[in-house]
Amino acid sequence: LFFFYMTPKIKFHWDVRSAIISGLSLSILLKASSLFIYPLAAFLAIGSKGWFNKSGAHFFNPANFAIVTCLLFLPDYVWVSPGQWGTDLWIVAVISSLAALVLGNARQMDMAGIFLGSYVGLIFGRAFFLGDPLGIPFNQIQSGALLIFAFFMITDPKTTPRGILPRLIFGISVAVIGFLMQTMFQIREGIFYALIIVCAVRFLIYQLPLKNISKYA
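Enquirer: A description of the overall build of the protein chain should follow, citing residues and the corresponding values.
Expert: Across its full length, the protein chain holds 10 helices and 4 strands. Reading the protein chain from its N terminus to its C terminus gives the helix and strand order α-α-β-α-β-β-α-β-α-α-α-α-α-α. Relative to its 217 residues, the protein chain shows a buried fraction of 42%. About 11600 Å² of surface is accessible on the protein chain, with carbon and sulfur atoms providing 68% of the total.

Enquirer: Tell me about the packing of helix H4 (residues 62-73) against helix H10 (residues 190-200), and please be specific about residues and values.
Expert: The geometry of H4 relative to H10 is characterised by a closest axis approach of 10 Å and an angle of 115 degrees between their N-to-C directions. By crossing handedness, the relation of H4 to H10 is classed as left-handed. Each of Asn64, Phe65, Ile67, Val68, Leu71 and Leu72 in H4 lies in contact with H10, whose residues at this interface are Phe192, Tyr193, Leu195 and Ile196. Of the residues in the contact of H4 with H10, the class split is 9 nonpolar, 1 polar and no charged.

Enquirer: Describe the environment of Ile141, and please don't skip the residues or the numbers.
Expert: Of note, Ile141 is situated in helix H7 (residues 135-141). Judged by relative accessible area, which is 17%, Ile141 ranks as buried. Remark: the alpha-carbon pair of Ile141 and Leu116, spanning 25 residues in sequence, is separated by 9.0 Å. The residues touching Ile141, leaving out its near neighbours within four places in the chain, are Val120, Ile123, Phe124 and Leu146.

Enquirer: Pulling in residues and values, what's your account of the packing of aromatic side chains?
Expert: Applying the stated criterion to the full structure yields 6 aromatic pairs. Ring centres of Phe115 and Tyr119 lie 5.7 Å apart, and the angle between their planes is 20 degrees; on these two criteria the pair is classed as stacked. Note that Phe115 and Tyr119 are positioned in helix H6 (residues 109-130) at a spacing of 4 residues, about one turn of the helix. Here Tyr119 falls in the buried class, since its relative accessible area comes to 6%. Centre to centre, the rings of Phe149 and Phe192 are 5.3 Å apart; their planes meet at 75 degrees, and the pair counts as edge-to-face. In this pair, Phe149 sits in helix H8 (residues 144-152) while Phe192 sits in helix H10, placing the two residues 43 residues apart along the sequence.

Enquirer: Summarise helix H3 (residues 37-51); cite the residues concerned and give the values.
Expert: Spanning 15 residues, H3 covers 20 Å between terminal C-alpha atoms, matching the ideal 21 Å at 1.5 Å per step. The complete set of buried residues in H3 reads Ile37, Ala41, Leu44, Ala45, Gly47 and Ser48.

Enquirer: Before we move on, can you summarise the confidence of the model for the protein chain with the specific residues and values?
Expert: Across the protein chain, the average pLDDT comes to 77, with 74% of residues at or above 70. Scored below 50 in pLDDT, residues 1-13 shows 16 contacts in the model against residues more than four places distant or in partner chains.

Enquirer: Just give me the short version of unusual backbone geometry, but keep the residues and values in it.
Expert: One non-glycine residue, Gln186, adopts positive backbone phi at about 55 degrees. Tracing the backbone through its elements, the reader meets Gln186 in the loop between helix H9 (164-183) and H10.

Calculation notes
Each chain carries its own residue numbering, running from 1 in the direction its sequence is written. Selection of residues for local features in this predicted model requires a pLDDT of at least 70, selection of side-chain atom pairs for listing and counting requires 80 or more, and totals for whole chains, interfaces and linings are taken over all residues. Water and hydrogen atoms were dropped before computing side-chain values, which therefore reflect all heavy atoms in the structure. Each helix is a run of H or I in the DSSP string that is no shorter than four residues. Each strand is a run of E no shorter than two, and both are numbered from the N terminus. Accessible area is worked out with a 1.4 Å probe on protein chains only. A residue is then buried under 20% of its type maximum, exposed over 50%, and partly exposed in between. Surface accessibility follows the Shrake-Rupley procedure with a 1.4 Å probe radius. Residue values consider only the protein chains on display as shielding. Axes here refer to lines fitted to C-alpha atoms; in helices the fit is confined to the stretch in contact. Angles between the N-to-C directions go from 0 to 180 degrees. Crossing handedness is defined as follows: a turn of the near helix away from the far one that is anticlockwise and smaller than a right angle gives a left-handed crossing, while the clockwise case is right-handed. Note on contacts: a residue pair qualifies if any of its non-hydrogen atoms lie within 4.5 Å across the two residues. Residues are grouped as follows: Ala, Val, Leu, Ile, Met, Phe, Trp, Tyr, Cys and Pro are nonpolar; Asp, Glu, Lys and Arg are charged; all remaining types, including Gly, are polar. Only Phe, Tyr and Trp rings are paired, with Trp represented by its six-membered ring, and only when their centres lie within 6.5 Å; those with planes under 30 degrees apart are stacked, over 60 edge-to-face, the remainder tilted. Any helix carries an expected span of 1.5 Å times its number of residues minus one. The predictor attaches a confidence to each residue, called pLDDT, with possible values from 0 through 100.

Structure below.
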């Protein structure tokens, strides 16, 4: 994260920041029972930027595409461990503080806030509806994987729209679809599937009668 924060001050002939962020995301989130899966995931992540690309903007978040592809085609060998760092508050504080440095520099903090606000609201709304103790939703939102996803995956500048209304639609859609997949269909990695679904159909946002709608970066 420190390297990512400092590299905007260094001029490169080629940009390594996207590869660094994708590599860190895969290293942190993706777990596999065979070593060959890690280079395969890296190949899928970087390759997706060229395979699914229009006007210099890729359709899918590279790390998310690799994770979902591995989960779909190698379900017996890969998994995502949401609670690998525990649920202590200090973990939330550290990840959030480091994320503020990165997202503030990239002007993507609002995208993370939209998703987290929607997702947390759904989690607590379900708990109140079912009469669950507050300890359950608090435990669910103190997930390291959730924070990494919110701060460093859904906020990819190339796959998120410009303009507050498109961002609201994008972030809320990911939160709702991911929440439904987790609670109704018991798909633990629901938010990862939700992001790739919304990215695949995000062009529909621009079919809506929204005023002053902006184009993607």
